[in-house]
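# Close look at the chain arrangement
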Amino acid sequence: MRKTLDPAPVTFGIDIAKSRGARYRLGPELEICGYGCSDHYYESDTVLHSFQVLAKLLESPATQDIICDVGMPVLHRNVRYSCRVIFLNKKILLIRPKISLANAGNYRELRWFTPWNKARHVEEYFLPRIIQEVTGQETVPFGDAVLATKDTCLGAEICEELWAPNSPHIEMGLDGVEIFTNSSGSHHVLRKAHTRVDLVNSATAKNGGIYILANQKGCDGDRLYYDGCAMISVNGETVAQGSQFSLDDVEVLVATLDLEDVRSYRAEISSRNLAASKVNPYPRIKVDFALSCSDDVAVPTCVPVQWRHHSPEEEISLGPACWLWDYLRRSKQAGFLLPLSGGIDSSATACIVYSMCHQVCLAVKNGNADVLADVRKIVNDETYVPEDPREFCKRIFTTCYMASENSSQDTRNRAKLLAEQIGSYHINLNIDAAVKAVVGIFIMVTGRTPCFSVYGGSSRENLALQNVQARIRMVLAYLFAQLTLWARGMPGGLLVLGSTNADESLRGYLTKYDCSSADINPIGGISKTDLKNFIQYCIENFQLTALRSIMSAPPTPELEPLVDGHVAQTDEVDMGMTYAELSIYGKLRKIAKAGPYSMFCKLINMWKEICTPREVASKVKHFFRVYSMNRHKMTTLTPSYHAENYSPDDNRFDLRPFLYNTSWSWQFRCIDKELSKLEKKEGISLDEDVD
């Protein structure tokens, strides 16, 4: 479920669950206000409005005769907690605060919340008047407790608690809890879903039980996409799987299970039973309600299913596409504009938009009235029905090839052909007049004429002339985004899409305030290697044959003069490293937490078949010099879809200085000393320092 501060989506989901016979309803973490409120959690309004929505839910006929478990912030004795509020028939049964807070990567829960550190302890919580008037209760239990219904026992976990080494479900299971619930706010990362599934299944494989996980879905107003994957597991096997990527605002997963299966499974695990005999008991909240019925013997139970995992290429196709759709409909803009260069990165971005159009058409075909209503608002046509992705793409997606005297006919043709195949409204324009006008101002003021290096200019002149072209493209992108639809007699404006990948951002191989500066970037957290695989996926699954020539062409910025009409400048020569190497540097730097010395030590073994230790040292030093020299560019990086744990995003995920001592003198000396030892051991003399 997506972020709300509106009871309607919650009650809608509860209605669906009840219609399918459910007796317990679980929603995602902090679902009432939305997980991504960030510093708005500091505001008393956020807590107030959450209680106002809770009052509406308590009063709603939809919430009667079903145990409802919702998430919201609660202030208890002037301390803010992330809580589950569990209620039945206008009575709050328990407020369960979160015990383990997520505080790594993109998560900053300790900034806003305090963990509940009183294990198996319950206190009285004094309800605000707005809730007292509905429930007739003055106080309710608040703390670490479980629910004892007439037929079973339920215990709650909240997101991070499943990932913790001392997860509550371990002790709860030993104390006789048979159903574990987990309300989650877990965002998408490539290749992460299987970890989540394995954790849930292993939670009940060793200890027996039923595990229910509900996760937020959609864009919650920032760089993250929450990817659903609701699931229900029993005794280590998945019996129900929700979708990972979809445009549905509400998805309900229901399963009918036999509690006797849990009891018989546990009965034969002697080690579990010995541990259970010594466990400290949890406080039990008695609930005069049953999850089962006396006449349900003939009701069929769910059987195990094989979890269907998406490939990384499918995840790139679907995750960023759903994120773009959420962003587009909520921003109330009329579509996207993309500077399409004919290279891999901008082409991958175009393919993600095309995938989004596929998802929209499929959702409408499947009867999603909310998506259809959003489409009609975006295209400003109350009768429009999107059926063909290419036709819908033409309405909401504008691509623009911005040629200069340094652009080749090959890239122009590639961009044009791809635009035709995906159906975008395509513009060809030339920026030479604008470049000459800007450079002309400099010449007029200084009396000096800068030249490219091929014409005898210095490296400073060469770089400045490249940057002028890149920055003018950014200015023109925003101009056309604002006025293209006006020129076509259509209402609205367009969101500008960036297309810088994670590797280029890490290396700093981009011009500050060029076309990497945009409104949002769907590929900014994805490496070049993954994007190439995604392009191949699009060739095979979307039949976009134009991508074949794009895949085979060497990546180039086309900012330096052509040689005999052909491109002479390439990315990898400019960078002084290959994209494959850069991807490895990025993973070691962020995921393996390696500084220069540690990276050198790891790479001399990883690359021992292809590089000498001296070559490794040179490569590592070069990377860290240019990385640190360009780190300041990350402070202005366009908000990007967070897709991988190697992301260099400076906003919240990858917190580093942006002013470095780029000589890394101590670290590089350590590398030189280690290199000296290695070469002496191999009988090689160290005649000079490594550059």
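Residues numbered from 1 in each chain as written. Predicted model: local features only at pLDDT ≥ 70, side-chain atom pairs only at ≥ 80, totals over all residues. Heavy atoms only, no water.

An unreviewed UniProt entry lists the protein chain under the name Glutamine-dependent NAD(+) synthetase, from Columba livia. Checking UniProt for the protein chain, the heading Catalytic activity (unreviewed entry) contains the comment "deamido-NAD(+) + L-glutamine + ATP + H2O = L-glutamate + AMP + diphosphate + NAD(+) + H(+)". (UniProt positions renumbered as here; feature names shortened; annotations may be inferred.)

### Concerning the overall build of the protein chain
Secondary structure summary: the protein chain contains 24 helices and 19 strands in total. Relative to the compact-globule value of 26 Å for 691 residues, the protein chain shows a C-alpha radius of gyration of 29 Å, a close match. A principal-axis box enclosing the C-alpha atoms of the protein chain has dimensions of 90 × 75 × 45 Å. Taken over 691 residues, the protein chain has a buried fraction of 56%. A separation of at least 24 residues holds for 72% of the contacts in the protein chain among residues at least 6 apart in sequence. Approximately 29,500 Å² of the protein chain is accessible, and the part contributed by carbon and sulfur atoms is 53%. On the protein chain, the mean spot of the 75 positive side-chain charges and the mean spot of the 82 negative ones are 3 Å from each other. (Helix = DSSP H or I, 4+ residues; strand = E, 2+ residues; numbered from the N terminus. Rg over C-alpha atoms; globule rule 2.2 N^0.38 Å. Buried < 20%, exposed > 50% of the residue type's maximum accessible area, 1.4 Å probe, protein only. Contact = heavy atoms within 4.5 Å. Areas by Shrake-Rupley, 256 points an atom, 1.4 Å probe, with all protein chains shown as cover. Lys, Arg positive; Asp, Glu negative; His and termini not counted. Charge placed at Lys NZ, Arg CZ, Asp CG, Glu CD.)

### Comments concerning the nonpolar core
Trp325, Phe336, Phe392 and Phe397 are the most contacted members of the largest nonpolar core, which totals 63 residues. Considering each element in turn, this core owes the most residues, 13 residues, to helix α11 (residues 344-365). No fewer than three residues from each of domain 1 (7-309) and domain 2 (313-430 + 472-574) sit in this core. Sequence-distant contacts of Phe392, that is, excluding residues within four places in its chain, are made with Trp325, Cys357, Val360, Cys361, Val375, Val379, Tyr384 and Pro386. Grouped together as the second largest cluster of nonpolar side chains are 34 residues, Ala17, Phe51, Val70 and Phe87 included. (Core = buried A, V, L, I, M, F, W, Y, C linked by side-chain atoms within 4.5 Å. Domains from an automatic or database assignment.)

### Some details on the sheet that holds strand β18 (residues 425-430)
Read from one edge to the other, the open sheet built from four strands follows the order β18-β17-β16-β19, with strand pairing classed as parallel. Among the strands making up the open sheet, the edge pair consists of β18 and β19 (495-496). Sheet strands touched by α11: β16 (336-339) and β17 (397-403). Its angle to β16, the strand with the most contacts, is close to 160°. (Pairing = 2+ DSSP bridges. Axes fitted to C-alpha atoms, helices over the stretch in contact; angles between N-to-C directions.)

### A few points about the packing of α11 against helix α13 (residues 389-396)
The geometry of α11 relative to α13 is characterised by a closest axis approach of 9 Å and an angle of 120° between their N-to-C directions. Between α11 and α13 the crossing geometry is right-handed. Between α11 and α13, the residues in contact are Val353, Tyr354, Met356, Cys357, His358, Val360 and Cys361 and Pro389, Arg390, Phe392, Cys393 and Ile396, respectively. Its residues placed into classes, the contact of α11 with α13 shows ten nonpolar, one polar and one charged. (Left-handed = near helix turned anticlockwise from the far one by under 90°. Nonpolar A, V, L, I, M, F, W, Y, C, P; charged D, E, K, R; others polar.)

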